[in-house]
Amino acid sequence: MAMIELTDVSKNLGGKQVLDHMNLNVDEGETKVIIGRSGVGKSVTLKHIVRLLEPDSGSVRVEGKDVLALRGKALSDLHREIGLVFQGGALFDSLTVGENVGFVLSEHMGAGQAEIDKRVKESLALVGLYKIENYMPSDLSGGMRKRVALARAICTRPKIILYDEPTTGVDPITADAINLLIDELHDKLKVTSIVVTHDMRSAYKVADRIAMLYEGKIIAEGTPDEIRYSHNPYVHQFITGAAQGPITDGQSSILKGIE
Amino acid sequence: MFLLNPNFYGVIGRKVLDFVWLFGGVSKLGFQTAVLTPTRPWGAARIFEQAKKIGVDSMPIVSLVSFFIGVILALQTAYIMEKMSSEIYIASIVAVSLTRELGPVITALIVAGRCGAGITAELGTMTVTEQVDALATLGSNPIKYLVVPRVLSLTIMLPILTLFADAIGIFGGYLIGIYRLSIRSSLYMNMTFQTLVYKDLLTGLVKTIFFGMLIALIACYEGLNVRGGAEGVGKATTRSVVNTFIMIIAADCFFTALFYFFLE
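Note that the structure is a prediction, hence the values are computed from the model and not measured. (Residues numbered from 1 in each chain as written. Chains lettered and ligands numbered in written order. Predicted model: local features only at pLDDT ≥ 70, side-chain atom pairs only at ≥ 80, totals over all residues.)

1. Brief notes about the nonpolar core
For the record, the criterion: A set of buried residues qualifies as a nonpolar core if it consists of Ala, Val, Leu, Ile, Met, Phe, Trp, Tyr and Cys joined through C-beta atoms within 7 Å. Labels follow a simple rule on C-beta atoms placed from the backbone: if 20 or more others lie within 10 Å of a residue's own, it is buried; if 12 or fewer, it is exposed; otherwise it is partly exposed. Note on contacts: residues are paired as contacts if their backbone-placed C-beta atoms lie within 7 Å.
Membership of the largest hydrophobic core comes to 131 residues, with the highest contact counts inside it found for Leu162 of chain A together with Ile215, Leu217 and Cys220 of chain B. For Leu217 of chain B, the residues in contact, after removing those within four places along its chain, are Val26, Leu29, Gly30 and Val151 of chain B.

2. What about the confidence of the model for chain A?
Put simply, the test is: Values of pLDDT, the confidence the predictor places in each residue, fall between 0 and 100. The way it works is that DSSP assigns letters per residue, a run of H or I at least four long becomes a helix, a run of E at least two long becomes a strand, and they are numbered from the N terminus.
Considering every residue of chain A, the mean pLDDT works out to 87; 96% of them sit at 70 or more. Least confident of the elements in chain A is helix α11 (residues 254-258) of chain A, whose mean pLDDT is 51; most confident is helix α3 (residues 97-101) of chain A, at 94.

3. Here we look at helix α5 (residues 113-126) of chain A
Residues and elements named next belong to chain A. The criterion, for reference: The span expected for a helix works out to 1.5 Å for each residue beyond the first. Taking the helix axis as origin, the arc is that swept by the directions to the C-beta atoms.
An ideal rise of 1.5 Å per residue puts 20 Å on 14 residues; α5 measures up with 20 Å between its terminal C-alpha atoms. Every buried residue of α5 is listed here: Ile116, Arg119, Val120, Ser123 and Leu124. The arc enclosing the buried residues of α5, seen along the axis, measures out at 130°, which places them on a common side. In α5, the exposed positions angled more than 90 degrees off the buried face are occupied by Ala114 and Ala125. Buried residues along α5 sit in contact with α3, α4 (103-107) and α6 (142-154). One or two steps after α5, the chain reaches Gly128, where phi turns positive at roughly 80°.

4. Overview of the sheet that holds strand β7 (residues 160-164) of chain A
All names here are of chain A. Stated formally: Pairing between strands requires that DSSP locate at least two bridges from one strand to the other. Here an axis means a line fitted to C-alpha atoms, over the contact stretch when the element is a helix, while the angle between two N-to-C directions is reported on a 0 to 180 degree scale.
Strand order in this open sheet of six strands is β6-β7-β8-β3-β9-β10, and the pairing throughout is mixed. With partners counted over all chains shown, the strands left at the sheet margins are β6 (82-85) and β10 (217-222), one partner each. Looking at each pair of strands side by side, their axes are set apart by 15° on average, direction ignored. Here strand β3 (residues 31-35) pairs with strand β9 (residues 209-214) via four bridges, running parallel. Each residue of the ladder has a partner; that of Val33, found in β9, is Ile210. Where helix α7 (residues 172-189) meets the sheet, it contacts β3, β7 and β8 (192-197), and its direction lies at approximately 165° from that of β8. Those strands touched by helix α10 (residues 233-240) are β3, β9 and β10, and its axis lies near 105° from that of β9.

5. As for the interface of chain B and chain A
Inclusion rule: Lys, Arg, Asp and Glu make up the charged group, whereas Ala, Val, Leu, Ile, Met, Phe, Trp, Tyr, Cys and Pro make up the nonpolar group; the residues left over, Gly among them, are polar.
Listed by partner, the interface residues are 11 residues for chain B and 14 residues for chain A. Residues that form the side of chain B that touches chain A fall into these classes: four nonpolar, five polar and two charged.

6. A short note on the pairing of strand β4 (residues 57-62) of chain A
Residue and element names in this part refer to chain A. Strand direction decides the pairing type here: strand β1 (residues 2-13) and β4, joined by five bridges, are antiparallel. Paired with Ile4 across the strands is Val62, a residue of β4. Bridge count between β4 and strand β5 (residues 65-66): two bridges; the pairing is antiparallel. By the bridge assignment for β5, Arg61 is matched with Asp66. Following β4, the chain reverses through two residues before pairing antiparallel with β5; Glu63 in that reversal takes a positive phi of roughly 50°.

Have a look at this one:
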């Protein structure tokens, strides 16, 4: 059963057609990786799923429910079922790590302090962090901030986790640790996940299926091996990281500048 | 000549459109805030935290400036009154000017510069670092969580700050009156309180309720609509302060005219 369905979704932002009749299905329990160049609309796709953005046309369904029709409590319930891990962590600067992770429990679920402390500790342990509840986000490194953001996203035990560029801006060892974490959480919590990235090492490592977004549409989709050995010239240029090819044809490239 | 330059009219048109856009955006935010204010969770801790930041922490600067304003007002009035041997009326002029006009406006301008700019910078940074989006995905309405406490705190604290400013300004004028102009202390106090009527105090305070809402709503609107990283936050903060100053003076003009025609 498709857990997340985006059908014919179009979105124009500031005069640019970011999504153009895009279709995407993610099955229950699947980890789907969306790859594509920066600015191609990967994060915009995630924002449609949690209704931070609304499409100009098309429909977005999560667990069969039309996201655009949800209001008030129904929308809050949906948010509780989806954990979104933002690219920069988006931790609240004015709150401690513990308050960040237990935010939903204290604000919306009326949990007691003992219950909150227990769940915060558990969530932090799941991402491999211990005894940092009283730190402020500004005291943490980039990799730790991402892990705390992940702990915050899983604190309410969501059915879906959306990761926006989880390995961007961290060193290769931390990036690999985050990839392992995504895999582990998938196995332990049995969640459905979408990972948006342009880091192919990460994509091959965590994906059940990979979809490539280009000019507002999914132009190719398959298992990691199918994508790795794809004959699609656009996919091939992207995964090999070649500066010249069909994606950059007709664009002013760095190489042309050098010539 | 600049009047024949089409760009001149383009710039004016752009400014007018910007203002209409701001007015529409702030009105919409004001409506959403009014709808969300009486809903749960109340967020009392956040309101108290903001009230402390806005009210208590602004006391030193408001006190200092209003003291100087009282002193200046007394000295400038003395310049004319001494020529007419009517120094005794300085007490009345200082009291009425401060409570009706200078106290509310100066306090509002100080708070707009100090707290309004801070609110825009804070919310703007939260917007560009996706913290506002994160709030929404964690099931909290950003307007309820961020805007409502700030609007409530400013609306409550600005009249209280203004009362302090009025009292301290009058004290500044009193010091000049008794030490520089040798007016008896009891006479100065009598002249102050005989002239002042409740209406003077109330019209001044009613204005500050609206000034408080204006400062908070414009600051929050600019903060939540920041685009373009650190540079965007800087520009929004400047725009917030400039727009708030203009709107405070315009609203003051409106209320003064309203009270003059309908309450005098």
